[in-house]
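# A structural walkthrough
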Amino acid sequence: MLSRDEERELMAVVESTERLKTGIEGLDELIEGGLIKGDIHLLAGGPGTGKTIFASNLVYNAAKDLALKSVYATFEESAESFRQNMKSIGISFAPLESSNLVSIVDLDAVRGKELESNISLLLAAVKDARANILVVDSLTALLLACETPFELRTFVKSLYRSLKQMKVTTLMTVSLGQNERIGAEAFICDSVMLLENWLDEDRFKTRFMVLKMRGTEHSRKYHSVILTPKLKISNY
Ligand SMILES: Nc1ncnc2c1ncn2[C@@H]1O[C@H](COP(=O)(O)OP(=O)(O)OP(=O)(O)O)[C@@H](O)[C@H]1O
Ligand SMILES: [Mg+2]
């Protein structure tokens, strides 16, 4: 249960309309200038659709262009492999980590621990770093420990509430299997963006769509995505 003050504080954040420019080429103009600050945004997509590259671009641009601090929690790959893969596309996190603009939290290293302790670790990392932005890559891996849809829903709601109170702009990736649709998380969170691979004759291409974004007159179309070296969204 939230106290009255906590409820009030939560509502103040819910009503925020200030935007965080993603700096991702072609994206901000589709969503009224950026992601609403303090909101919880989901980025869903199949394997290899660019979720990690998208999230990394957001964090990198926020640090470089806006001097904003981020915590990047990686759960499907180790921090070392994440740093290395991003470096190979020209996103070098090491200097940003040295200047305390980015903290990489390796949740993969504590795999198997209780869900609650992973969450406490995450929230403490955001607090310690005084982070403006949190990336959870991926929420799907974090939620693996949930045994029933009810547990999952309760858990996502409680995480949502904690993050809102911390006023941290959050991007969580969601891994979708083939023909799988995003679940209860989509209803609870403030926005849902989708990355999809599709077959154009004999080759895969990637497309992007904003499925929902609270308080935003957003594009309702598919857009093309170029993943590397720099993520770019353009007309489909
Ligand atoms: N160094 C690189 N050079 C060229 N292309 C790359 C490089 N790194 C990644 N890619 C391409 O970008 C795609 C998306 O990578 P990314 O890791 O962001 O996907 P993802 O959605 O996070 O995948 P996963 O579901 O495995 O987490 C890869 O499938 C690959 O095609
Ligand atoms: Mg990934």
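Description of the structure in this document. The numbers attached to residues start from 1 for each chain and follow its sequence in the written order. Chains and ligands are labelled by the order in which they are written, letters from A for the one and numbers from 1 for the other. Local features in this predicted model are restricted to residues of pLDDT 70 or higher, and side-chain atom pairs are both shown and tallied only at a pLDDT of 80 or more, whereas totals for entire chains, interfaces and linings draw on every residue.

## Describing helix α3 (residues 79-87)
Which entries qualify depends on this criterion: To sort residues by burial, count the other C-beta atoms lying within 10 Å of each one's C-beta; a count of 20 or more means buried, 12 or fewer means exposed, and anything in between means partly exposed. C-beta atoms are built from the backbone. To qualify as a helix, a DSSP run of H or I must reach at least 4 residues; to qualify as a strand, a run of E must reach at least 2; elements of each kind are numbered from the N terminus. It is the directions from the helix axis to the C-beta atoms that the arc portrays. Residues are defined as contacting one another if the C-beta atoms placed from their backbone atoms lie within 7 Å.
Among the residues of α3, those classed as buried are Phe82, Arg83 and Met86. The buried side chains of α3 occupy one side of the element, clustering within an arc of 100 degrees when seen end-on. Facing away from the buried side of α3 by more than 90 degrees, the exposed set consists of Glu80 and Gln84. Looking at the buried positions of α3, the neighbouring elements they touch are α2 (51-66), β4 (70-74), α4 (94-98) and β5 (102-106).

## Focus: the packing of helix α5 (residues 115-129) against helix α7 (residues 149-166)
Rule in force here: Between the N-to-C directions of two axes lies an angle of 0 to 180 degrees, each axis being a line fitted to C-alpha atoms and, for a helix, fitted only over the stretch in contact. An angle counts as roughly parallel when it lies under 35 degrees, as roughly antiparallel when it exceeds 145, as roughly perpendicular when it falls between 65 and 115, and as oblique in every other case. Left-handed is the label given to a crossing in which the near helix is rotated counterclockwise from the far helix by less than a right angle, and right-handed is the label when the rotation is clockwise.
Put simply, α5 and α7 touch, their axes get as near as 11 Å, and they point 15 degrees apart. In this view, α5 runs roughly parallel relative to α7, as classed from their interaxial angle. Along this stretch, α5 crosses α7, giving a crossing that reads as right-handed. Contacts from Leu115, Ile119, Leu123 and Val126 in α5 reach Phe155, Leu159, Ser162 and Met166 in α7.

## Topic: the site of ligand 1
Let me state the cut-off plainly: The rule is simple: place the C-beta atom from the backbone, and if it lies within 6 Å of a molecule or strand, the residue is near it. Here the term charged refers only to Asp, Glu, Lys and Arg, the term nonpolar to Ala, Val, Leu, Ile, Met, Phe, Trp, Tyr, Cys and Pro, and the term polar to all other amino acids, Gly among them.
Taken together, the neighbourhood of ligand 1 is formed by 15 residues, with Gly48, Lys51, Thr52, Ile53 and Ser88 sitting nearest. The dominant element in the shell around ligand 1, judged by the number of residues it contributes, is α2, at 3 residues. Considered class by class, the residues forming the shell around ligand 1 number 4 nonpolar, 9 polar and 2 charged.

## As for the sheet that holds strand β11 (residues 232-235)
How we decide: Note on pairing: two strands pair once DSSP finds at least 2 bridges between them.
Here 9 strands make up an open sheet; going across it, the order is β5-β4-β6-β7-β3-β8-β9-β10-β11 and the pairing mixed. Unpaired on one side and paired on the other, β5 and β11 mark the two borders of the sheet. Here the strands of the sheet are splayed against their neighbours by 25 degrees on average, with no regard to which way each runs. Across 5 bridges, β4 lies against β5 in parallel orientation. Paired with threonine 74 across the bridge in β5 is aspartate 106. α2 rests against β3 (40-45), β4, β5, β6 (133-137), β7 (169-175) and β8 (191-200) of the sheet, and its axis sits at about 165 degrees to β6.

## Here's the deal with the environment of serine 92
Summarising the element assignment, serine 92 is placed in the loop between α3 and α4. Overall, the presence of 12 C-beta atoms within 10 Å leaves serine 92 in the exposed class. Along the sequence, serine 92 and serine 56 sit 36 residues apart, while their C-alpha atoms lie 9.8 Å from each other.

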